[in-house]
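In case you want the letters, here they are:
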Amino acid sequence: MRKYILLVVIIVMVGILASGCSILQKLGFIEPENDELRPASSVVMEEEMARRLENKYPIRLYFANEDGTKLRVEIRYIDDSETEKGINYLASIIVNELINGPAAKEGLLPTIPEGTKLNFVEVKDGVATVDLSKEFVDNHMGGRNAEQLTLYSIVNSLTELSEIQKVKFTIDGKSQKEYKGHFKFDVAFPRNTSMVSKEPAVSSITDTDESEGGDAGAEEKDSLETDVNIKDEALE
């Protein structure tokens, strides 16, 4: 008899679980959901976020982390229409965004020397040639770690694009042998993530201006991790 009662109880409980939360709510085991109790502000924020991300294209930028020892990703969003203007144009947007500096108020530091200007970016056969003004060299503080952060913030950001596998640098149209004494500067740099932090990415919504890369409003979202190869081009 006890076995029979136990079997009935098990069958009833299975039926309750299979029927979902509504019965459990009626029995008082869990509180009923009430959409009216959900803060209106959170609903508005989600709708606003969805609206702002509609027809947007994400770009991944590498800046220095807060203590200046590693690179950390910041994700920004530009209009889809910008990607239709060609790879040179898109690559120029990325470099200009790096020059503008991080949009996030905390957790990121700029990597490009103050006063640096982008002259052009030209992509050919998987190699992007980035021509920068002399301030890129003259205004840099120097030091192996700082130089590496600067160079690979550009290289890693551009090689996020499938059309670019390596990056070359020129200064006002001319190639030079070394950067600031620690790295070759007349070579094509492949992607390098030996300096990339494991910290979660910061995500921002950016409305990009056609010529300068635009301003950015910081809106934190989910983190994104990247899996890439490691290679260094240091001087012997």
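For the structure itself, consult the block above.
Residues numbered from 1 in each chain as written. Predicted model: local features only at pLDDT ≥ 70, side-chain atom pairs only at ≥ 80, totals over all residues. Heavy atoms only, no water.

Caption draft 1: Representation of the overall build of the chain in the model. A count of helical and extended segments in the chain gives 6 helices and 9 strands. Relative to all contacts within the chain whose residues are 6 or more apart in sequence, the contacts with residues 24 or more apart total 67%. Total accessible area computed for the chain in this model is approximately 14,000 Å², and 51% of it derives from carbon and sulfur atoms. (Helix = DSSP H or I, 4+ residues; strand = E, 2+ residues; numbered from the N terminus. Contact = heavy atoms within 4.5 Å. Areas by Shrake-Rupley, 256 points an atom, 1.4 Å probe, with all protein chains shown as cover.)

Caption draft 2: Geometry of the pairing of strand 5 (residues 127–132). Pairing between strand 4 (residues 118–124) and strand 5: 6 bridges, direction antiparallel. Paired with Val-121 across the two strands is Val-130, which belongs to strand 5. Connecting the antiparallel pair strand 4 and strand 5 is a turn made up of 2 residues, with Asp-125 showing a positive phi of about 55 degrees. Of the strand pairs in this sheet, strand 5 and strand 6 (residues 166–171) are connected by 6 bridges, and their pairing is parallel. Note that in strand 6 the partner of Val-130 across the bridge is Phe-169. (Pairing = 2+ DSSP bridges.)

Caption draft 3: The pattern of salt bridges, seen in detail. A full pass over the atoms with the stated rule returns 8 salt bridges. Measuring nitrogen to oxygen at the nearest pair gives 2.8 Å for the salt bridge that ties Glu-74 to Arg-76. Just as Glu-74 is buried, Arg-76 falls in that class too. Glu-82 is the salt-bridge partner of Lys-85, the closest N and O atoms lying 3.1 Å from each other. Given a relative accessible area of 39%, Lys-85 falls into the partly exposed group. Here the salt bridges share partners, and the residues they tie into one network are Glu-74, Arg-76 and Glu-97. (Salt bridge = Lys/Arg side-chain N within 4 Å of Asp/Glu carboxyl O. Buried < 20%, exposed > 50% of the residue type's maximum accessible area, 1.4 Å probe, protein only.)

Caption draft 4: Spatial organisation of the sheet that holds strand 7 (residues 189–190). Taken together, the 4 strands give an open sheet; going across it, the order is 4-5-6-7, and neighbouring strands pair in mixed fashion. A single partner strand is all that each edge strand has here, and the edge strands are strand 4 and strand 7. The strands touched by helix 4 (residues 87–100) are strand 4 and strand 5; relative to strand 4, the strand with the most contacts, the crossing angle is about 140 degrees. (Axes fitted to C-alpha atoms, helices over the stretch in contact; angles between N-to-C directions.)

Caption draft 5: A look at the nonpolar core. Ranked by size, the top nonpolar core spans 45 residues in total, and within it Val-130, Leu-132, Phe-136, Leu-151, Ile-154, Leu-158 and Phe-169 carry the most contacts. Going through the elements one at a time, strand 1 (56–65), strand 2 (71–79), helix 4, strand 4, strand 5, helix 5 (135–138), helix 6 (144–158) and strand 6 are the ones with two or more residues in this core. Discounting residues that sit within four places of it in the chain, Val-130 has contacts with Val-95, Leu-118, Phe-120, Val-121, Ile-154, Leu-158, Val-167, Lys-168, Phe-169 and Thr-170. (Core = buried A, V, L, I, M, F, W, Y, C linked by side-chain atoms within 4.5 Å.)

Caption draft 6: Just helix 4, in detail. Taking 1.5 Å of rise per residue, the 14 residues of helix 4 would be expected to cover 20 Å, and the 20 Å separating its terminal C-alpha atoms lies within 8% of that figure. Positive backbone phi, approximately 95 degrees, marks Gly-101, located one or two places after helix 4. (Expected span 1.5 Å × (residues − 1).)

Caption draft 7: How the structure looks around the environment of Pro-110. Mapped onto the secondary structure, Pro-110 falls in the loop between strand 3 (108–109) and strand 4. Distance from Pro-110 to Tyr-62, taken between C-alpha atoms, is 9.2 Å for residues 48 residues apart in sequence. Contact partners of Pro-110, with chain neighbours within four places excluded, come to Phe-63 and Pro-102.

Caption draft 8: Spatial organisation of the environment of Phe-185. Here Phe-185 lies in the loop between strand 6 and strand 7. On the basis of relative accessibility, which here comes to 1%, the residue Phe-185 falls in the buried class. Spatially, the C-alpha atoms of Phe-185 and Leu-151 are 9.4 Å apart, while their sequence positions differ by 34 residues.

Caption draft 9: The arrangement of the side chain of Thr-150 in detail. Looking at where Thr-150 falls in the secondary structure, it is placed in helix 6. Non-local contacts of Thr-150, meaning those with residues more than four positions away in its chain, are made with Thr-111, Ile-112, Pro-113, Phe-136, His-140 and Tyr-179.

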